[in-house]
Amino acid sequence: MMLDSISPGALKNEDEHRRDICTVGRWLLDRGFVAATDGNISLRLDPRRILTSPTNICKGMMALDDLVITDLDGQKLSGRRNASSELAMHLLIYRRRPDVNAVCHAHPLVATGYAAAGLPLNKALLSEAVLALGCVPVARYGTPGTPELTEAIEPLVQSYDALLMANHGVVTYGPDLLTAFFRMETTEHFARVALVTELLGKQVLLSSEDVEKLLAARIRYGLQTAATATAECPVTAETASTGRITLTRQELEALIEEAVQHDRARR
Ligand SMILES: [Zn+2]
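What you see is a predicted model; the values in this text were computed from it and never measured. (Residues numbered from 1 in each chain as written. Predicted model: local features only at pLDDT ≥ 70, side-chain atom pairs only at ≥ 80, totals over all residues. Heavy atoms only, no water.)

It is worth spelling out the packing of helix 3 (residues 109-117) against helix 6 (residues 177-200) at this point. Following both chains from N to C, one finds helix 3 and helix 6 inclined at 70°, their axes separated by 7 Å at the closest point. Here helix 3 lies roughly perpendicular to helix 6, going by the angle between them. As helix 3 packs across helix 6, the resulting crossing turns out to be left-handed. Contacts from Leu109, Val110, Ala111 and Tyr114 in helix 3 reach Thr187, Glu188, Ala191, Arg192, Ala194, Leu195 and Glu198 in helix 6. (Axes fitted to C-alpha atoms, helices over the stretch in contact; angles between N-to-C directions. Helix = DSSP H or I, 4+ residues; strand = E, 2+ residues; numbered from the N terminus. Parallel < 35°, antiparallel > 145°, perpendicular 65-115°, else oblique. Left-handed = near helix turned anticlockwise from the far one by under 90°. Contact = heavy atoms within 4.5 Å.)

So this is what it looks like as structure tokens:
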């Protein structure tokens, strides 16, 4: 295997899983997705055991024996360090999503900016983002390391594979660690492109028909994601046009005047 790479799939031995978590930790640091000791990574070793990054360490500098094994209630089974302070969030995801075998949490700059602005990534701006993620909603704020945080993400875990955490960061998950990491990378890329379109002052959204075709392609490519398309997700050219609009005072007055004239003419 190439140095600094990981292969897809969740069926590996414990040593391979340890190596994968350390590699993904370096990737999170190299791509600027974490600062200092931020972020955490875990995976499901078997039905009863979770392998997780420890708390209070730079995720790009972890050694294989820094990792911690816990049970699904978060009780430490082995490891000299303490488990991630956000382990409860990871455990909630494993409990609610039997299809998930790996979880990635980080604070990538632009996606975290959207989370801090309370803005979901829910527009049909990029074909690849519609294919891979659908929408990325914002979970309400919860104090890190407390049950508040798990309660905040709980209503969304079942329906999405990537979540913005208000005033905090991003959590992504999937059937294996490579998929969970790719979803983190795609979320940040989606956020960067969305931001650039905001800066350009123009967004051309895909039509509902284009989105339908992408969803059909998702099945053809064998891509699996929990996010199903609804009237609001993703927002297409058609659904956006039935949404909120901005008018100047003059335009609003003209519209009211027109309606009044129309009404008079009918009497
Ligand atoms: Zn965090």
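On to the coordination of the zinc ion. At the metal site, the zinc ion is ligated by His105 (NE2), His107 (NE2) and His168 (NE2), and these contacts range over 2.0 to 2.1 Å. In primary-sequence terms, the residues that donate to the zinc ion follow H-x1-H-x60-H. One end of the pair, His105, is in strand 5 (residues 102-106); the other, His168, is in the loop between strand 7 (162-165) and strand 8 (169-174), and 63 residues separate them in sequence. Take His168: its relative accessible area is 11%, and that puts it in the buried class. (Donors = N, O, S within 2.8 Å, 3.2 Å for Na, K, Ca; no water. Buried < 20%, exposed > 50% of the residue type's maximum accessible area, 1.4 Å probe, protein only.)

Judged by pairing direction, the sheet is mixed, and its eight strands sit side by side in the order 4-3-2-1-5-8-7-6 without closing on themselves. The open sheet terminates on both sides in strands that have one partner only, identified here as strand 4 (76-78) and strand 6 (138-139). Bridging between strand 2 (residues 49-52) and strand 3 (residues 68-71) involves four bridges; their strand directions are antiparallel. Note on strand 3: the bridge partner recorded for Thr52 is Val68. Against the sheet, helix 1 (residues 14-30) makes contact with strand 1 (40-46), strand 2, strand 3 and strand 5, and its axis sits at roughly 165° relative to strand 1, the strand it touches most. (Pairing = 2+ DSSP bridges.)

Summed over all chains, the structure comprises two aromatic pairs. When the centroid spacing of 5.0 Å and the interplanar angle of 50° are considered together, the rings of Trp27 and Phe181 count as tilted. With Trp27 in helix 1 and Phe181 in helix 6, this pair connects stretches of sequence that are 154 residues apart. Note on accessibility: Trp27 and Phe181 belong to one class, buried. Ring centres of Phe181 and Phe182 lie 6.4 Å apart, and the angle between their planes is 50°; on these two criteria the pair is classed as tilted. Look at Phe182 and you get partly exposed, because its relative accessible area is 42%. An aromatic cluster of at least three residues, connected via ring pairs, comprises Trp27, Phe181 and Phe182. (Phe/Tyr/Trp six-rings, centres within 6.5 Å; stacked < 30°, edge-to-face > 60°.)

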